[in-house]
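Okay, here's what each chain looks like letter by letter:
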Amino acid sequence: MTPPTLLAAREGFEAPGAEAFYWQPWIELHVAGVDISINRTILTMIIMITLVGLLFVLGARKGRLVPTGAQNVVEYGVEFVRNQILLPVMGPKGLGYLPYLVTLFFFIFSLNLLEVIPGVNFPPTSRIAIPGFLAIITYILFVQAGMKHQGVGGYLKEVLFPPGVPWYMMILLTPIEFVSTLVVRPASLAIRLVANMIAGHLMLTVFFLGTAYLLDRDLTIGFGILAMLMSSALVGFEIFVAGLQAFIFTILTAVYIAGSLEPAH
Amino acid sequence: MEILAAAEAFSGNANVIGYGLAAIGPGVGLGILIGKTIESIGRQPEADATLRPLMFIGLGFVEILALLGFVLAFVVK
């Protein structure tokens with residue numbers, strides 16, 4: 001009767017690493033030297049955005065005053081973004097940005113949910129390209145909003161040289177303000193989403209594979225059942241994180257745009 | 001013999017220790033942030049709608065530091 005330590009040392013549990021995030025391309029496509037092959041990630045993303053787009057199109061078709069069916073669901077979503085994200089942060093003058101914020105929220109939320117949908121179990125937002133591009137769009141939006149309202153030079157002056165600061169502090173403050181506003185903001189938006197999704201996916205993978213590993217061997221079936229219960233709790237937690245990260249990305253976009261529309265200082 | 005063979009080396013790398021240290025600060029910060037929000041809502045329940053989005057915005061800023069530690073633990077060789 002060998003102790004469990006020796007059993008583990010002999011057979012080994014292979015923890016997932018970076019290879020859990022790489023999928024082989026199914027259809028190779030190269031356009032002008034850029035690799036846009038289609039693999040499982042891209043296919044699930046295309047299917048998901050088709051479904052969400054279909055939901056919104058069906059919801060907007062017959063605009064009844066008292067909504068029913070798909071229109072009810074879509075209106076609930078749009079009103080959530082409007083009343084919880086846009087109006088408290090940007091006020092009524094920011095309502096022009098509502099279509100983009102609704103699109104952003106539902107895009108990120110639906111792609112994050114792919115992590116817990118059985119059979120798919122991989123969030124496309126855990127690849128840096130997708131949140132990176134969304135962060136670039138947000139970056140362009142808030143810089144453009146600032147430059148349109150205060151002029152190109154005026155916006156840069158308001159960001160880099162805050163009023164009311166003595167000149168000797170400016171030498172220290174300007175590089176800090178430059179990095180904090182024009183570099184860290186988009187980078188942190190992208191990294192926040194990617195790292196949350198990577199961490200969640202790794203955690204779920206370790207727990208699922210670990211449950212299978214523990215249930216396989218007679219000695220550790222009890223632990224396997226505990227691991228299965230914990231996996232179920234973690235799936236619920238990941239659904240919460242999916243919604244929370246979509247909410248945080250959208251509300252930070254709104255905060256940055258609002259900060260550009262009216263000078264903060 | 002096998003137990004000795006398995007316990008001979010310090011496996012892994014210092015990245016994970018770095019992440020562990022990086023998670024202390026945001027852990028304390030999140031506790032203070034969310035605790036203060038809960039306390040404020042307890043004192044003044046009608047401020048719930050104002051305080052909760054602010055808590056989530058703050059949560060995003062604090063958590064990014066821990067996540068940067070997590071990402072750098074993978075990226076830096």
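Please refer to the structure higher up on the page.
None of the values given here were measured: they were computed from a predicted structure. Within each chain, residue numbers correspond to sequence positions counted from 1 in written order. Labels follow written order: the first chain is A, the first ligand is 1, and so on. Under the rules for a predicted model, residues below a pLDDT of 70 receive no local features and side-chain atom pairs below 80 are neither given nor counted, while totals for whole chains, interfaces and linings still include all residues. As a convention, hydrogens and water are excluded, and side-chain values are obtained from all of the structure's heavy atoms.

## So, the overall build of chain B
Okay, so step 1: A count of helical and extended segments in chain B gives four helices and zero strands.
Okay, so step 2: Strands are runs of DSSP state E lasting at least two residues, helices are runs of H or I lasting at least four, and both sets are numbered from the N terminus onward. What you see in chain B, going N to C, is helices and strands ordered as α-α-α-α.
Okay, so step 3: The burial tally for chain B puts 25% of its 77 residues in the buried class.
Okay, so step 4: Every accessible area reported is derived by Shrake-Rupley at a probe size of 1.4 Å, with residue values counting cover from the shown protein chains alone. Counting every atom, chain B has about 5,300 Å² of accessible surface; 71% of that belongs to carbon and sulfur. The classification of residues rests on relative accessible area computed with a 1.4 Å probe and restricted to protein chains. Under 20% of the type maximum is buried, over 50% is exposed, and intermediate values are partly exposed.

## Structural notes on the interface of chain B and chain A
Okay, so step 1: Throughout, a residue-residue contact means that at least one pair of heavy atoms, one from each residue, lies within 4.5 Å. Counting from both sides, the interface comprises 16 residues of chain B and, opposite them, 18 residues of chain A.
Okay, so step 2: Across the interface of chain B and chain A, roughly 1,500 Å² is buried in total on both sides, 84% from carbon and sulfur atoms.
Okay, so step 3: N or O atoms closer than or at 3.5 Å make up a polar contact, with two conditions inside protein: a donor-capable atom paired with an acceptor-capable one, and, for residues adjacent in sequence, both atoms drawn from side chains. Inspection of the region where chain B meets chain A yields one residue pair in polar contact (both at pLDDT 80 or more).
Okay, so step 4: Taken together, the elements giving at least two residues each to the side of chain B that touches chain A come down to α1 (2-6) and α4 (48-75) of chain B.
Okay, so step 5: Sort the elements by how many residues they give to the side of chain B that touches chain A and α4(B) lands first, with 13 residues.
Okay, so step 6: For this classification, Asp, Glu, Lys and Arg are treated as charged, while Ala, Val, Leu, Ile, Met, Phe, Trp, Tyr, Cys and Pro are nonpolar and the rest, including Gly, are polar. Residue composition of the side of chain B that touches chain A, by class: 13 nonpolar, one polar and two charged. Joining two parts hides part of their accessible area as seen by a 1.4 Å probe, and the buried area is that hidden amount summed over both.

## A few points about the environment of A:Gln150
Residues and elements named next belong to chain A.
Okay, so step 1: Along the polypeptide, Gln 150 turns up in helix α5 (residues 129-150).
Okay, so step 2: Taking the C-alpha atoms as reference, Gln 150 lies 47 Å from Ile 27; in sequence the two are 123 residues apart.
Okay, so step 3: A distance of 2.9 Å separates a polar atom in the side chain of Gln 150 from the backbone oxygen of Ser 260.

## Structural notes on the pattern of salt bridges
Okay, so step 1: Take a side-chain nitrogen of Lys or Arg and a carboxyl oxygen of Asp or Glu: if they are within 4 Å of each other, that pair is a salt bridge. This model, assessed by the stated rule, comprises three salt bridges over all chains.
Okay, so step 2: Linking A:Lys93 and A:Glu262 is a salt bridge whose minimum nitrogen-to-oxygen distance equals 2.8 Å. With A:Lys93 in the loop between α3 (70-90) and α4 (98-113) and A:Glu262 in the segment after α8 (221-261), this residue pair connects regions lying 169 residues apart in the sequence.
Okay, so step 3: By relative accessible area, which is 53% here, A:Lys93 ends up exposed.
Okay, so step 4: Look at A:Glu262 and you get partly exposed, because its relative accessible area is 42%.
Okay, so step 5: The salt bridge partner of B:Asp48 is B:Arg52, with a shortest N-O separation of 2.8 Å. Taken together, the positions of B:Asp48 and B:Arg52, both in helix α4 and four residues apart, correspond to about one turn of that helix.
Okay, so step 6: Given a relative accessible area of 23%, B:Asp48 falls into the partly exposed group.

## Details of the packing of aromatic side chains
Okay, so step 1: To pair, rings of Phe, Tyr and Trp, with the six-membered ring standing in for Trp, must have centres within 6.5 Å; the planes then decide the type, stacked if under 30 degrees apart, edge-to-face if over 60, and tilted in the middle. Considering all chains together, one arrives at 13 aromatic pairs over all chains under this definition.
Okay, so step 2: Ring plane angle 80 degrees and centroid distance 5.8 Å describe the contact between A:Trp167 and A:Tyr168, whose orientation is recorded as edge-to-face. When sorted by exposure, A:Trp167 lands in the same class as A:Tyr168, which is exposed.
Okay, so step 3: Both rings, one in A:Phe247 and one in B:Phe56, keep their centres 5.4 Å apart while their planes meet at 75 degrees; by these two values the pair is edge-to-face.

## Some remarks on the packing of helix α6 (residues 152-160) of chain A against helix α7 (residues 167-216) of chain A
All names here are of chain A.
Okay, so step 1: Every angle, taken between N-to-C directions, lies between 0 and 180 degrees, and every axis is a line fitted to C-alpha atoms, over only the stretch in contact when it is a helix. Running from amino to carboxyl end, α6 crosses α7 at an angle of 110 degrees, the nearest separation of the two axes being 8 Å. Looking at the two axes, α6 sits roughly perpendicular to α7. Residues Leu 156, Val 159 and Leu 160 of α6 touch α7, and the partners they reach there are Thr 174, Glu 177, Phe 178, Thr 181 and Leu 182.
Okay, so step 2: Looking at side-chain class alone, the contact of α6 with α7 contains five nonpolar, two polar and one charged residues. Should an angle lie under 35 degrees it is considered roughly parallel, over 145 roughly antiparallel, and from 65 to 115 roughly perpendicular; all remaining angles are considered oblique.

## Regarding unusual backbone geometry
Residues and elements named next belong to chain A.
Okay, so step 1: A positive phi angle is found at Ala 32, which is not glycine, with a value near 55 degrees.
Okay, so step 2: Structurally, Ala 32 is set in the loop between β2 (30-31) and β3 (34-35).
Okay, so step 3: Although it is not a glycine, Asn 121 adopts a positive phi angle of roughly 55 degrees.
Okay, so step 4: On the basis of relative accessibility, which here comes to 29%, the residue Asn 121 falls in the partly exposed class.

## Quick notes on the nonpolar core
As a rule of thumb, soluble globular proteins bury nonpolar side chains together.
Okay, so step 1: By convention a nonpolar core is built from buried Ala, Val, Leu, Ile, Met, Phe, Trp, Tyr and Cys residues, the set being connected through side-chain atoms within 4.5 Å. Counting residues in each nonpolar core, the largest one holds 51 residues, and the members touching the most others are A:Val81, A:Met90 and A:Ile257.
Okay, so step 2: Only α2 (40-60), α3, α4, α5, α6, α7 and α8 of chain A together with α4 of chain B provide two or more residues apiece to this core.
Okay, so step 3: Ranked by residues supplied to this core, first place goes to α8(A) with 13 residues.
Okay, so step 4: Apart from residues no more than four positions distant in its own chain, A:Met90 is found in contact with A:Tyr97, A:Ala254, A:Ile257, A:Ala258 and A:Leu261.
Okay, so step 5: In this structure, A:Ala20, A:Phe21, A:Phe122 and A:Val194 belong to the second largest nonpolar core, which totals seven residues.

## Topic: a nonpolar patch on the surface
All names here are of chain A.
Okay, so step 1: A contiguous nonpolar surface patch, about 840 Å² in accessible area, is contributed by Trp 26, Ile 27, Leu 29, Val 31, Val 34, Ile 36, Leu 43, Ile 47 and Leu 51.
Okay, so step 2: Counting residues per element, the ones that place at least two in the nonpolar patch are β1 (25-27) and α2.
Okay, so step 3: The element contributing the most residues to the nonpolar patch is α2, with three residues. A residue counts toward a patch only above 30% relative accessible area and without a salt bridge, and it is joined to like-charged neighbours within 9 Å or, for Val, Leu, Ile, Met, Phe, Trp and Tyr, to nonpolar neighbours within 5 Å.

Coordinates in, geometry out; function isn't part of it.
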